[in-house]
Amino acid sequence: MSVNKSTILQHIYIQKGDITKMEVDAIVNAANPSLLGGGGVDGAIHRAAGPQLLEECRTLGGAQPGEAKITKGYRLKAKYVIHTPGPVYRGGKYNEASILQNSYYNSMRLAKENHCTSIAFPAISTGVYGYPKDEACRIALSTIIEFMEKENFIIDVYFVLFDDENYAVYKKHVQELS
Ligand code: ADP
């Protein structure tokens, strides 16, 4: 029997703040394809986790946009970091939507495979990569809800938004769903 949407929505939390502080099983890193660190949330996660994170990332051989790879969390409170490069937004005709979907889907898949009961996501691709926030939010929510429905896998999902605009967008879309 599949789980219903209202049960799933009870496990989705929208909050403002810094994802590096989250006490969850896994936090997701909006990485770049090298997986060797960068600016934005990626830089913040590497700073908070310490240099061992970069050491482990060096062994991974990078990741294509939409792929996801998992490491330990080192100095973070989170047990794992799931690294996924989202798409660079180039107007919308370069498969950006399905690549962003893959980032969320593959992150959830790794969370399931590693028996996570909670996960925190940033708004992947909405910083330097320029993805329009409203559309990126729709994709994040629909992909995760669909994953939980289809896989019968309910965990606590935190969207941790750094900027007011993303926070407002997520609040609005979750309200519309309930
Ligand atoms: P991308 O290259 O995928 O666009 P960025 O790191 O530039 O990645 O931005 C992704 C999102 O992460 C942006 O909405 C940005 O505001 C947000 N962000 C930056 N720092 C943090 C943080 N410490 N915690 C949560 N979100 C963050």
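This text goes with the structure placed above it.
For clarity, every value in this text was computed on a predicted model and none was experimentally measured. (Residues numbered from 1 in each chain as written. Predicted model: local features only at pLDDT ≥ 70, side-chain atom pairs only at ≥ 80, totals over all residues. Heavy atoms only, no water.)

Caption draft 1: Spatial organisation of the nonpolar core. In terms of nonpolar packing, the biggest core is built from 38 residues, with Ile12, Met108, Ile119, Phe121, Val157 and Phe159 touching the most fellow members. For Met108, the residues in contact, after removing those within four places along its chain, are Ile119, Phe121, Ile144, Phe147, Met148, Phe153, Ile155 and Val157. Judged by nonpolar contacts, the second largest core, of 14 residues, contains Ile45, Cys57, Ala78 and Ala120. (Core = buried A, V, L, I, M, F, W, Y, C linked by side-chain atoms within 4.5 Å. Buried < 20%, exposed > 50% of the residue type's maximum accessible area, 1.4 Å probe, protein only. Contact = heavy atoms within 4.5 Å.)

Caption draft 2: Here's a closer look at the pairing of strand β6 (residues 156-161). Most of β6 sits inside the fold, with five of its six residues counted as buried. In this structure, strand β1 (residues 12-16) lies alongside β6, joined through five bridges in parallel fashion. When the sheet's bridge partners are listed, Gln15 is paired in β6 with Val160. The sheet contact formed by strand β5 (residues 118-121) and β6 spans four bridges and is parallel. Note that in β6 the partner of Phe121 across the bridge is Phe159. On the question of chirality, the crossover connecting β5 to the parallel β6 by way of helix α5 (residues 133-151) is right-handed. (Helix = DSSP H or I, 4+ residues; strand = E, 2+ residues; numbered from the N terminus. Pairing = 2+ DSSP bridges. Right-handed = clockwise from strand over helix to strand, strands pointing away.)

Caption draft 3: Summary view of the pattern of salt bridges. One pass over the structure, following the stated rule, counts ten salt bridges. Salt-bridge contacts for Glu151 lead to Lys112; the nearest nitrogen and oxygen are separated by 2.9 Å. Residue Glu151 is located in helix α5, and its partner Lys112 is located in helix α4 (residues 96-113); the two are separated by 39 residues in the primary sequence. Relative accessible area serves as the criterion here: at 29%, Glu151 is assigned to the partly exposed category. Residue Lys112 is classed as partly exposed on the basis of its relative accessible area, which comes to 30%. (Salt bridge = Lys/Arg side-chain N within 4 Å of Asp/Glu carboxyl O.)

Caption draft 4: Molecular detail of the layout of surface pockets. In this model, the largest pocket occupies a volume close to 610 Å³. Considering the residues around the largest pocket, the lining is formed by 28 residues, among which Ala30, Gly40, Val41, Asp42 and Gly127 are closest to the centre. Among the elements of the structure, β2 (26-31), α2 (40-49) and β6 are those that each provide at least two residues to the lining of the largest pocket. For the lining of the largest pocket, the leading source of residues is α2, giving five residues. Tallied by class, the residues present in the lining of the largest pocket amount to 14 nonpolar, eleven polar and three charged. (1 Å grid on protein atoms, 1.4 Å probe; cavity = no way out; pocket = protein on both sides within 12 Å on 5 of 7 lines; lining within 4 Å. Points joined across faces, edges and corners; volume = space filled by probe spheres on them. Nonpolar A, V, L, I, M, F, W, Y, C, P; charged D, E, K, R; others polar.)

Caption draft 5: A look at the packing of α5 against helix α6 (residues 164-177). The N-to-C vectors of α5 and α6 enclose an angle of 45 degrees; their axes lie 10 Å apart at closest approach. Viewed along their axes, α5 and α6 adopt a mutual orientation that is oblique. Handedness of the crossing formed by α5 with α6: right-handed. Counting all contacts with α5, which are made through Lys133, Asp134, Cys137, Arg138, Ala140, Leu141 and Ile145, the residues of α6 involved are Glu165, Asn166, Val169, Tyr170, Lys172, His173, Val174 and Leu177. By residue class, the composition of the contact of α5 with α6 is eight nonpolar, two polar and five charged. (Axes fitted to C-alpha atoms, helices over the stretch in contact; angles between N-to-C directions. Parallel < 35°, antiparallel > 145°, perpendicular 65-115°, else oblique. Left-handed = near helix turned anticlockwise from the far one by under 90°.)

Caption draft 6: View of the sheet that holds β2. Spatially, β1-β6-β5-β2-β4-β3 is the arrangement adopted by the six strands of the open sheet, whose pairing is mixed. In the strand order of this sheet, the two ends are held by β1 and β3 (69-72), each with one partner. With strand direction ignored, the average angle separating the axes of adjacent strands in the sheet is 25 degrees. Here two bridges tie β2 to β5, and the two strands are oriented parallel to one another. Bridge pairing in β5 places Ile27 opposite Ala120. Against the sheet, α2 touches β2 and β4 (80-85), its axis set at about 130 degrees to β2. With respect to the sheet, α5 is in contact with β1, β5 and β6, its orientation differing from that of β6 by roughly 170 degrees.

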